Each structure stands twice: as C-alpha cells, then as structure tokens.
Amino acid sequence: QAYRYRLYIDAKEQDGRLTFIVEDSGSGFTKEALLHGTEQFFMDDTSRNGEAHYGMGLFFAKTVAEKYGGGIKLSNSENTGGARVEIFFLRTSRG
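All values reported here derive from a predicted model rather than from experimental measurement.

As a further point, take the environment of Asp10. Here Asp10 lies in strand S1 (residues 7–14). C-alpha of Asp10 to C-alpha of Ile21: the two residues are 11 residues apart in sequence and 5.1 Å apart in space. Beyond its immediate chain neighbours, meaning those up to four positions away, Asp10 contacts Thr19, Phe20 and Ile21.

Quick look at the structure:
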C-alpha cells in the first residue's frame, strides 16, 4: 500500500529549550482537536478511516513533556497544511 502522507521531523535548541517538531502533509487538526487533542481518550474521528486508535498518543507525549518541565503545542503547519506538533523540554544543567 502506498503512503498517503509525508512526515517531517526536526529538532532545535534555543533559549534553554530543546524542541522536537513533527509535521505531516495530511489534512491538519480540526478546531476541536487543537483545543482537546492532548486530552486522555480524545479521538477526532475525522482523521481516521476505520483504523483502530485510542486517543492516547498525544496525551502520553504531553504527560512526559510536563513531567520534565516542558510542554506540547498543537497547530496546523504553514509549510504543509498538515498537523504540526511541537514537544519541548527545558534544558537543565548537570553537575
């Protein structure tokens, strides 16, 4: 089966933050998904075509990021029109 979407992954360090950025070339997040996409068990069925999903992936990403002083931001990509997820962690010094 041919892939329908492209995935773009990047990482950057700036102002004491390490940010991982993932964008796809799909249809992007709906308004509801932008507001609730990181909530446990949230499922925006408009993005799925009969595939099993449980609404846990972005919730887990948010939980891990927040555990380590970071966060997550959902948006729609200006580059691809698809979904954009930024997960960031605050840089800490080791001593």
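That shown, we press on.
Bringing the pattern of salt bridges into the picture now. All told, the structure shown has three salt bridges when counted by the stated rule. For Glu13, the salt bridge goes to Arg91, with nearest N and O atoms at 2.8 Å. Of this pair, Glu13 sits in strand S1 while Arg91 sits in the segment after strand S4 (83–90), placing them 78 residues apart in sequence. The shortest N-O distance in the salt bridge between Arg84 and Glu23 comes to 2.3 Å. Of this pair, Arg84 sits in strand S4 while Glu23 is found in strand S2 (residues 17–24), placing the two residues 61 residues apart along the sequence. Bridged by salt links that share partners, the residues Glu23, Arg84 and Glu86 form one connected network.

What counts and what doesn't
- Residues numbered from 1 in each chain as written.
- Predicted model: local features only at pLDDT ≥ 70, side-chain atom pairs only at ≥ 80, totals over all residues.
- Heavy atoms only, no water.
- Helix = DSSP H or I, 4+ residues; strand = E, 2+ residues; numbered from the N terminus.
- Contact = heavy atoms within 4.5 Å.
- Salt bridge = Lys/Arg side-chain N within 4 Å of Asp/Glu carboxyl O.

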